[in-house]
Amino acid sequence: FERAMDAVLAMESKFDAVTTYFEDAVALAARIATALGLENNPVLACDQARNKRITRQVMRECGLPVPKFYQVLSESDLEPACEHVQFPAILKPVFGAASMGVNKVYSKEETVAAYKKIFATLNVEDDAIWAQGTEMVLEEFYDGDEFDIDMLLFEGEVVYAKVSDNWACWEPWFQEIGTNCPSLYHEEKQRELVKLAADSTVALGFKYGAFHVELKYTSRGPRMIEVNARMGGVSVYDCSKLAWGVDLVEEHMMSVLKIPIRPLIPEKPLGFFAETAINAPYSGTMLSETWLDALKKDARVVFVHYFKKKGEKVQGPEDGVPDWIGEIRVFGTESGFEMCELIRTFMRDMKDVPIEPAVPRNKREWFFPDHMHPFVPEK
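Per-chain numbering applies: the sequence of each chain, read as written, is numbered from 1 onward. Under the rules for a predicted model, residues below a pLDDT of 70 receive no local features and side-chain atom pairs below 80 are neither given nor counted, while totals for whole chains, interfaces and linings still include all residues. Side-chain metrics in this entry use all non-hydrogen atoms of the structure; hydrogen atoms and water are not considered.

Turning our attention to the sheet that holds strand 2 (residues 89-93). Only strands that DSSP links by at least two bridges are regarded as paired with each other. Helix numbers and strand numbers start at the N terminus; a helix is a DSSP run of H or I with at least 4 residues, a strand a run of E with at least 2. If you walk across this open sheet you meet the four strands as 1-4-2-3, and the pairing is antiparallel. Strands at the two margins of the open sheet, each flanked by one partner only, are strand 1 (69-72) and strand 3 (103-105). Within the sheet, the average angular offset between the axes of one strand and its neighbour, ignoring direction, is 25 degrees. Across three bridges, strand 2 lies against strand 3 in antiparallel orientation. Its bridge partner being in strand 3, Leu91 is matched across the sheet by Asn103. Most of the contacts of helix 4 (residues 52-61) go to strand 1, to which it runs at about 145 degrees, and overall it touches strand 1, strand 2 and strand 4 (136-140). Only the stretch in contact is used when a helix axis is fitted, and all axes are lines through C-alpha atoms; the angle between N-to-C directions ranges over 0 to 180 degrees. Any two residues whose heavy atoms approach within 4.5 Å are treated as being in contact.

Here the residue pair Phe87 and Pro88 is connected by a cis peptide bond, since its omega of -5 degrees sits within 30 degrees of zero. Note that Pro88 resides in the loop between helix 5 (78-85) and strand 2. Across the junction of His373 and Pro374, the peptide omega takes the value 5 degrees, indicating a cis bond. Relative to the helices and strands, Pro374 resides in the segment after strand 15 (355-357). Although it is not a glycine, Lys258 adopts a positive phi angle of roughly 70 degrees. Looking at the element boundaries, Lys258 is found in the loop between helix 9 (248-256) and strand 10 (272-279).

Mapping Leu193 onto the fold places it in helix 7 (residues 187-203). For Leu193, a relative accessible area of 0% gives the class buried. Contacts of Leu193, omitting those with residues within four sequence positions, involve Phe147, Ile149, Leu215, Lys216, Tyr217 and Pro222. To sort residues, take the accessible area from a 1.4 Å probe on protein chains only and compare it with the maximum for the residue type: under 20% means buried, over 50% means exposed, and anything in between is partly exposed.

Structure, rendered in structure tokens:
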């Protein structure tokens, strides 16, 4: 913070707002804005959202539903944590992002093993996000389907909130597989999800800007996973822009500048968006960096991206969290179900995995789970 303030003051300029779209810098931006005397989202709100355990505490104090959870500061906390939370459970760093270090565990033995494995990766030199701390939390596992709510706030009022469906993740790490927008879930359940997302975000103390809230609709109703005090990453911008015509970057910037926002939201979606992030099914070496190019011939394919280049090493599930190696985004005006089915067809027809396996016996087909919403009828 001190170095950042020195740099800001050295510019000898007047600032109207300080903001960021980068997870690691949310709390820093709030501190700089406060030091400059600018009205912004409170530092306390940003700190509470960054620490997943404290988020749970605040929600509980506000009467909102939370899972059973237990703070883990060292290995000695694991036994009481397991006794309190029970199984299955989720062990994760409280300062992580994008499923970093998340593990599903079924026993005390698995919890201890997961803790040791996670702790070994919390290296500041590898990722500056761990400079905030190595605290973890063990919490109750939620059943049900997962969703994202992308929201805009102005002066504490929700002026935009839309639901996206998250496809089944690759457990036990909860590595993301795909999403579609608008949501294909029951409309009444969507309203319940939006209400909890809004109540949780406001309870934390937020007032301005874009937020990406992750939730599940469980057998007990909607439950919040986390509030991200910034616009969602990867395809979230395109998702809102294409499906609803709402530019989250522009709206966020106007909001933090205190320019009133009230985005014009069409009564019906402009179209239907779907995306998949393709995970490496096994460890090895990339053989190609054009293996998705043929899909571009389909007019509904709006974007393909390669996370790994030819010759790069990739990690599969036998060695840890699988790497993303490619991404496909599609958009059409037919229906959301058709866009989801289009991506499923792409994955089924793509027989060759462009990876030379590090261990031949580990070679397998693509991992593309389609056993949950939106690929099966809603329960």
